[in-house]
Amino acid sequence: MQTSPSTLFARSVLASSFALLTSGLALAADKLVIEAGRVITRPGHEIKNGVIVIENGRITKVGAQGEVDKPWDATVIGGPQYVAFPGFVEAQTSRGLDRPNENIDVAPFLDIRDSIDPINFAYEDYLRHGVTTLNVQQGGNCVIGGRGMVVRPVGMTVDEMAVRTDYALKLSASPKAGKSAATQAMALRRAFEELRKRLEKQVQDKRDGKARDKREALFQGRELEGDKAKGRAMEGKGWRVDGLELVPRGELDEKDLQLLELVEGKRDAYVWCAAAMDVRKALDLAKENGFLERTTLVLAGDCWKAADVVAASGRPAILIPPLLHVETEPITGKEVETPVAKVFAEKGVKFAIASETGQASSLPSHHVLWYQAALAIGQGLPRERAIAAVTTVPAEILGLRDRVGSLEEGKDGNVLLLDGEPLSVRTHVQFVVIEGKTAYDRSKDIRLKHLLEGKEPPGTQAGAADFGAAGAGKADAKKDALKQDEAAERKAGEEQRKADEKQSSGPHFSDADAAGEERG
Amino acid sequence: MYALLSLLPLVTASGAPVAPAAAADGRGLVAIRAGTVLVVKEGVVLEGGATVLVRGSKIAAVGKDLLIPGDATVVDYGPDAVICPGFVLADSSLLSSFGSARTAEPSLSAVQAFDPYARYDWALAEGITSAYVTPARMRLIAGQAAIVKLAGGPEVERIVRAPAAVHAAINAEARGAPGYWEPPIPPTSDVGLGVAQRQLPRTLIGATVALRELLVAARGGAPAADFGPYAAMDLGALVQQRVPWLVSVSDAAEARAALALSADFGLNLVLNDATFAGDAADEIAARGAAVVYKPSFNPDASLFNRGKSVDAQWPEPDTAARFARAGVRLAVAPGAGASPRDLRFAAFLARRGGLDPAVALRAITLTPAELYGVADRVGSIEPGKDADLVVLSGLPLEMGSSVLSTWSDGTTVWSAGAGGADGADGADAPLQAQPVVIAAEEVHLGDGHVLRPGEVLLQDGKIAEIGERVARPRGAVVVRGAAVMPGIVDALGFLGLEGSMRTVGSDFRLSRLLAPGDFADRRVARAGVTTVGLSVRQSTPSGVPVLSYKPAAADFDSLVLREPTGVRLRWTDGNRARSGAEVRDLLDKLGKYQQKWAEYEKALANWKPSAAKPEEAKAAEAKSDEKKDGEEKPAEEAKAEGAGDSKDEKAEGDKKDEKKDDKKKKDEPEPADPVTGVWEGEFDLPAPLSGKAKLRLQLINEHGKVRGSLRCDAVSERLVQVQGTWAEKELRLSGAGTQGPVQFAAAIGKGKMAAVLGTGAWQADVDTEQKSKEYPVAARPKPKKAAAAEAGDKAAPDKGKPAPPRLDERLEPLRQAALGKACVIVDVNRSDEILACVDAFAAAGLKPVIYGAQEAWKVKDKLVGRVSGVLLELPYRRNDPEGSVSFVNRYSELQSAGIAVAFHSSAEEGAADLFVRAMYMVSQGMSAGGALRALTSDAARMLGVSDRVGALRVGLDADVVLLDASPLAEPARVLRAWVNGSEVLP
């Protein structure tokens with residue numbers, strides 16, 4: 001893979017910043033105490049001069065200063081000027097991937113862990129803006145996409161980042177590029193029909209005593225021992241294939257397993273809807289195939305017009321920016337603006353706000369989760385509702401309600417330290433603690449320093465001298481080395497030129513042999 | 001809750017859907033009325049006013065005389081509107097989506113592609129309420145189509161029927177499938193990367209063969225593997241349900257191939273777009289197939305070239321008619337590429353070749369509904385069907401008719417004029433902006449010509465076009481009737497005086513009395529009289545004003561035609577010797593006045609901006625200053641004395657004399673004229689009366705003759721006009737007050753007058769003081785132009801620029817009459833006086849209108865060409881010979897002599913009978929054409945407003961009257977009237 005200069009840069013930055021972090025962590029052991037002037041544990045609940053104690057990555061105590069015993073050997077960070085806030089939870093995103101979608105229409109066998117790029121700028125950006133848990137899914141340009149995973153935005157490998165792997169399938173009720181609404185609906189329907197046919201054929205083969213599948217499984221190297229040797233009847237509320245218990249699970253095609261789990265109601269699904277007409281289609285599809293109770297709708301565009309339908313189904317929704325929908329009224333010709341989040345709130349839909357996944361042309365502000373929540377407040381959403389939409393509700397949707405989303409005992413130690421009121425443009429994330437480890441320190445954010453103060457990052461040619469005393473000596477040495485290199489190069493170049501001249505001064509059109517010999 | 005509005009229904013002002021009363025449970029009743037209702041079923045047409053009763057979303061009843069329950073909302077579109085069923089698109093490209101890669105994909109469903117949140121207002125604006133939608137095109141079998149409603153939002157069930165048809169093709173469309181190859185997943189080395197395979201069919205034969213294979217496979221025969229695993233399977237279900245097939249064909253050969261297929265497989269066949277298949281019409285009829293005909297015209301595209309070779313197919317315009325004649329069930333849809341908006345025009349084009357209009361209308365309503373099996377819900381206006389209606393300004397397939405309102409499922413989903421420029425910011429009143437086309441069997445132009453038949457277009461308050469067939473601008477109302485004539489002009493009427501008997505001076509602005517459009521005014525207009533020449537009841541020798549105006553005008557701006565329109569003078573005096581003296585006087589003054597103006601105009605023409613004589617300029621300025629003072633003072637005085645009595649004095653003309661004198665003498669002090677001015681005083685009332693009384697005199701001295709007015713409550717309730725002499729420092733005045741004659745004798749000292757005032761009953765000594773040396777000008781609102789002119793004079797006094805002579809309000813109408821822009825009406829009866837009058841006026845260069853003219857018949861030969869016209873007073877018959885029972889019609893007598901006559905009412909709302917009087921005159925021998933002229937154009941010409949009213953001519957005001965029979969030849973009634981282009985409503 002060709003690494004672009006920006007990736008190189010990012011790598012160097014992250015490497016150096018990570019180096020700083022690890023050095024810090026070595027001292028802390030696994031106890032961390034966070035002090036803050038205000039501790040917002042969950043929407044609507046605040047502790048003045050609060051203390052959070054995190055041990056082994058979990059919050060053990062949350063309370064006011066006087067009430068909480070701080071372990072004597074814990075690292076203490078924070079101060080009265082900070083506001084402690086639970087880490088934001090991104091309900092659904094497709095940033096940080098190699099590419100958001102594949103060309104194949106129906107590809108539930110793909111796993112996003114093969115696509116996540118840990119040093120993608122997106123994760124750094126999420127960290128900077130205080131998102132501590134992300135649900136990474138494929139994009140909406142598919143019929144049935146691959147499985148996603150829940151990650152934390154720190155880690156050099158996918159395993160380090162993983163919070164929950166092999167998580168949910170992504171489906172799209174809106175047409176994939178190159179498809180129309182009718183063909184998309186047909187493809188979705190056929191995916192499940194074909195699954196059903198294949199399963200029925202396998203059952204029929206087993207009944208007929210054919211051993212083709214077993215041979216195929218062995219040929220493909222699948223396991224047929226233990227659990228895999230047993231068949232299990234198909235569960236599911238939508239449709240069922242009778243006799244599936246005759247087929248050992250190991251003989252089922254790997255490519256069918258994910259959809260089968262989906263139909264059996266054992267896997268979550270995120271269904272992408274870009275237009276209001278797709279909402280009903282998504283819900284009908286989920287209902288027909290038995291995964292309605294595990295469906296979360298991802299709604300963009302004018303889906304607010306179908307808010308009644310969403311509310312009636314009782315399913316939660318994830319709202320994608322832009323959250324102010326503008327359209328032209330056909331009779332008067334005037335532009336009408338609708339605050340999407342407010343509409344859903346009024347209809348009684350449980351919704352989370354996510355950042356834009358890049359389906360449409362997106363503004364940079366669309367990628368900042370807290371900003372979208374703040375915009376929603378400005379458009380009329382109650383403040384607590386907005387905060388819940390980026391903390392507790394997505395945690396619930398991801399099934400991590402007892403792990404993330406609020407600062408309560410027993411939950412993961414994902415804490416933000418803000419320097420002001422949360423969801424304000426004047427407030428910045430100063431510290432991000434992920435599971436008890438300080439993952440981000442704004443004062444040491446190299447990229448911000450470069451952007452705001454003009455300090456060149458270390459490891460780059462021009463900026464070596466600027467970055468603190470420690471690097472100064474090295475910088476000089478490097479400069480000398482560079483100079484030497486340049487001198488050497490010049491010499492080499494001159495010599496080469498002489499050699500060339502010598503060559504060229506000789507007869508151009510001499511025998512080929514002589515020229516070939518010389519060049520050798 | 002009945003309300004009548006011309007073509008805008010009762011409730012929709014904002015374009016929002018009309019919610020029927022108590023519609024929460026869908027049981028609200030709405031009664032929709034219009035002049036004509038086209039039921040479409042069996043070609044039934046209800047004319048002369050019919051009602052559609054709608055309950056909830058369904059039609060409850062249709063009929064001419066329905067009993068409407070009291071709680072129903074009534075929506076009345078007027079007698080010219082036409083209601084027909086909402087149109088059904090037999091084929092459309094509303095779902096502009098591309099199809100499956102495969103050439104045959106029967107399971108592709110239009111329901112999945114239809115967006116219930118999309119807005120189809122542009123189609124609803126053309127009356128289309130239901131449409132056939134297909135998920136794809138350009139394939140052998142593109143998918144399953146559906147019939148959907150175009151209005152209603154996501155709450156309403158929008159799918160009327162699905163699957164409604166199998167959308168197939170065997171013409172060039174079928175050959176449009178791209179290459180197809182799908183890799184196995186995951187790609188393995190067993191299956192190489194393939195190339196997109198070309199899909200069949202490529203020819204007509206191929207298409208036919210392919211369809212046969214599929215149909216055989218669908219019935220359970222040999223599997224059609226080329227088309228994928230799904231094609232035959234999905235098709236089987238559709239074939240079992242006997243879903244109709246909409247097969248696109250182009251020419252007769254393809255049509256025959258499709259017919260053969262349908263015969264073999266028992267398909268319910270509808271041929272789509274059979275533009276060139278006219279030759280196969282009989283065979284199509286024999287098989288019982290139907291045709292969706294699409295005329296090959298796309299209004300939004302440039303004209304396309306058809307091909308120059310011999311084989312090139314040029315579409316025949318009469319194909320649809322051929323199909324209909326052969327007995328094929330015919331539906332019509334807009335052509336390929338044309339917008340669905342042009343459905344009505346497509347039906348109009350389909351009529352070429354003789355297609356019956358009822359069949360053409362059926363082709364866009366009931367027939368498409370029957371073809372796709374939704375005729376139980378849409379397609380005609382019958383009880384039990386959905387309330388999908390279109391309200392138009394004329395017949396739907398008539399050129400120029402436009403959609404006024406569209407109803408879908410019992411609610412108004414679109415209304416003309418709602419939203420857009422109107423709405424919250426709207427300023428235009430839609431009623432006024434609406435053009436009107438009046439189509440009548442007889443159009444009487446007012447000057448004697450008649451168009452049989454003819455049409456008149458009224459637009460923007462003017463007559464825009466007259467002809468046998470005029471343009472129909474979009475949104476025009478079409479009114480049909482038997483006869484149309486210009487609005488009647490009442491040459492002399494009193495409508496507007498409200499019973500007042502006052503007399504005013506000829507400089508009084510009658511427009512101050514008027515208020516437009518009250519109930520009586522409108523009734524008079526609806527009786528045909530649209531313009532009235534208003535004057536006061538009593539004429540005076542010195543003149544009373546005449547004003548022509550339109551009583552039924554909607555607002556002040558359009559109320560007055562011209563002010564002043566003229567003057568009415570009285571020639572005859574009680575003292576015969578003095579008959580005409582004042583008028584002659586006036587005419588003399590007129591001569592001088594005219595001369596002054598002529599001089600002024602000549603000087604103005606010769607004037608060039610240059611350094612002019614400063615003295616004259618200053619003199620001019622000084623004069624204008626004095627003028628202003630003179631005017632302001634009486635204005636204040638008039639205000640101080642309060643309203644009530646008309647303080648209108650006669651304008652003085654002698655200011656000009658003074659100014660002339662001044663000019664001659666060049667800034668010398670004014671000559672002593674002790675009499676002219678305003679005198680006020682107070683005196684004690686003699687016995688038997690008691691108390692004090694105030695006296696006010698306004699006098700003007702004209703070379704020894706003094707006239708003026710005296711105001712003294714004790715003497716007379718009203719202003720007393722006095723006249724007398726000033727000789728040897730003695731003033732003698734006399735006049736007549738309400739309580740008797742008044743005598744005044746006075747001696748004038750320096751600004752003081754010692755006088756004796758005597759009435760018949762008593763005498764009193766009065767001392768008065770001269771308050772002002774100016775003879776006051778009547779307090780009247782200064783016309784803006786004059787004020788501006790004066791301001792202009794003051795603002796930029798061009799040195800040496802000749803100043804215009806002062807406007808004499810009394811003489812100005814006469815001067816205008818001499819220029820042909822005003823009228824002079826003179827009351828005179830005796831023949832010798834008539835002649836004298838006419839001579840006098842002729843000397844002044846005027847042609848008067850003779851009023852009264854009892855003996856005009858005696859001198860009628862001498863009057864020809866010298867009078868503008870004659871207004872006769874009762875009686876209108878003259879016994880001839882004198883004393884016998886035989887009589888002569890005085891009107892026709894004069895008219896046939898070549899003298900213009902006109903009818904006048906001399907009444908207020910009695911003017912409504914003017915038309916009946918004209919009918920009477922015709923019955924008594926007057927020519928009908930002449931009577932019509934007398935009512936309209938001659939009257940207008942006499943009043944001098946023939947450039948505005950009185951005839952039906954392009955550019956004149958749109959004052960038009962609709963009758964139910966030929967006017968004056970038959971007993972006609974005035975049915976409706978328009979003033980300034982808007983209808984006069986009761």
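So, here is what we can say about the structure in this document. (Residues numbered from 1 in each chain as written. Chains lettered and ligands numbered in written order. Predicted model: local features only at pLDDT ≥ 70, side-chain atom pairs only at ≥ 80, totals over all residues. Heavy atoms only, no water.)

So, on to the overall build of chain A. Within chain A, the regular secondary structure consists of 15 helices and 19 strands. The buried share of chain A, taken over its 520 residues, is 49%. Partitioning the intrachain contacts of chain A with sequence separation of at least 6 by distance along the chain shows that 65% fall at a separation of at least 24. With an accessible surface of roughly 24,700 Å², chain A has 51% of that area assigned to carbon and sulfur atoms. (Helix = DSSP H or I, 4+ residues; strand = E, 2+ residues; numbered from the N terminus. Buried < 20%, exposed > 50% of the residue type's maximum accessible area, 1.4 Å probe, protein only. Contact = heavy atoms within 4.5 Å. Areas by Shrake-Rupley, 256 points an atom, 1.4 Å probe, with all protein chains shown as cover.)

What follows concerns the sheet that holds strand 4 (residues 50-55) of chain B. All names here are of chain B. Strand order in this open sheet of four strands is 5-4-1-6, and the pairing throughout is mixed. Edge positions in the sheet fall to strand 5 (58-63) and strand 6 (73-76), since each has one partner strand and no second. Going across the sheet, the axis of each strand differs from the next one's by a mean of 20°, ignoring polarity. (Pairing = 2+ DSSP bridges. Axes fitted to C-alpha atoms, helices over the stretch in contact; angles between N-to-C directions.)

Of the residues lining the interface, 27 residues belong to chain B; the matching set on chain A comes to 28 residues. Buried surface at the junction of chain B and chain A, summed over both partners, amounts to about 2,100 Å²; 61% is from carbon and sulfur atoms. For the interface between chain B and chain A, the tally reads three salt bridges. Linking chain B to chain A there are five residue pairs in polar contact (both at pLDDT 80 or more). Of all the secondary structure elements, the ones that give two or more residues to the side of chain B that touches chain A are helix 1 (110-113) and helix 4 (231-240) of chain B. A class-by-class count of the residues in the side of chain B that touches chain A yields 13 nonpolar, eight polar and six charged. (Buried area = accessible area lost by both parts, 1.4 Å probe. Salt bridge = Lys/Arg side-chain N within 4 Å of Asp/Glu carboxyl O. Polar contact = N/O pair within 3.5 Å; in protein donor to acceptor, adjacent residues only side chain to side chain. Nonpolar A, V, L, I, M, F, W, Y, C, P; charged D, E, K, R; others polar.)

A separate point is the sheet that holds strand 3 (residues 45-46) of chain B. Strand pairing within a sheet occurs via backbone hydrogen bonds; the two strands may be parallel or antiparallel. Residues and elements named next belong to chain B. Here we have six strands laid out as an open sheet, ordered 3-2-7-16-17-18, and mixed in their pairing. Of all the strands in the sheet, just strand 3 and strand 18 (411-415) have a single pairing partner and so form its edges. Bridge count for strand 2 (residues 36-38) against strand 7 (residues 82-85) is two bridges, and the pairing is parallel. Of the residues in strand 7, the one forming a bridge with Thr 36 is Val 82.

The next subject is the pairing of strand 7 of chain B. In the sheet, strand 7 of chain B pairs with strand 16 (residues 389-392) of chain B via four bridges, with the strands oriented antiparallel. What sits directly across from B:Val82, in strand 16 of chain B, is B:Leu392.

With that settled, the discussion passes to the pattern of salt bridges. The tally for this structure, following the rule as stated, stands at 90 salt bridges over all chains. A salt bridge links B:Asp386 to B:Lys58; the nearest nitrogen and oxygen atoms lie 2.6 Å apart. On the criterion of sequence distance, the pair formed by B:Asp386 in the loop between helix 10 (366-371) and strand 16 and B:Lys58 in strand 5 is long-range, its members being 328 residues apart. For B:Lys58, a relative accessible area of 33% puts it in the partly exposed group. Between B:Lys149 and B:Asp386 there is a salt bridge, with the nearest N and O atoms lying 2.5 Å from each other. Remark: B:Asp386 occurs in the loop between helix 10 and strand 16 and B:Lys149 occurs in strand 10 (residues 141-149); sequence separation between them is 237 residues. No difference in accessibility class separates B:Lys149 from B:Asp386, as the two residues are buried. Members of the salt-bridge network, linked through shared partners, are A:Arg95, A:Glu124, A:Asp125, A:Arg128, A:Asp445 and A:Arg447.

Right, let's talk about a nonpolar patch on the surface for a bit. All names here are of chain B. Together, Phe 297, Leu 303, Phe 345 and Met 399 make up a nonpolar patch on the protein surface, roughly 410 Å² of accessible area in all. Structurally, Phe 345 can be placed in helix 8 (residues 343-350). A relative accessible area of 32% means that Phe 345 is categorised as partly exposed. (Patch = residues over 30% accessible without salt bridge, like charges linked within 9 Å, V, L, I, M, F, W, Y side chains within 5 Å.)

Residue and element names in this part refer to chain B. What the rule picks out here adds up to 15 aromatic pairs over all chains. Geometrically, the ring pair formed by Tyr 120 and Trp 122 is edge-to-face, given 6.3 Å between the ring centres and 65° between the ring planes. The exposure class assigned to Tyr 120 is buried, which follows from its relative accessible area of 8%. On the accessibility criterion, Trp 122 (31% relative accessible area) is partly exposed. (Phe/Tyr/Trp six-rings, centres within 6.5 Å; stacked < 30°, edge-to-face > 60°.)

Moving on to the side chain of B:Thr530. Residues and elements named next belong to chain B. Tracing the chain through its elements places Thr 530 in strand 25 (residues 529-535). A relative accessible area of 1% means that Thr 530 is categorised as buried. Look past the residues within four positions of Thr 530 in its chain and what remains in contact with it is Gly 487, Ile 488, Tyr 549, Lys 550, Pro 551, Asp 959, Val 961, Trp 978 and Val 979.

A few words now on the packing of helix 4 (residues 181-208) of chain A against helix 6 (residues 254-263) of chain A. Residues and elements named next belong to chain A. At a minimum axis separation of 11 Å, helix 4 and helix 6 run at an interaxial angle of 105°. As judged from the angle between their axes, helix 4 and helix 6 are roughly perpendicular. On the side of helix 4, the interface is formed by Ala 191, Phe 192, Leu 195, Arg 198 and Leu 199, while helix 6 contributes Asp 256, Leu 259, Leu 260, Leu 262 and Val 263. For the contact of helix 4 with helix 6, the class distribution of residues is eight nonpolar, no polar and two charged. (Parallel < 35°, antiparallel > 145°, perpendicular 65-115°, else oblique.)

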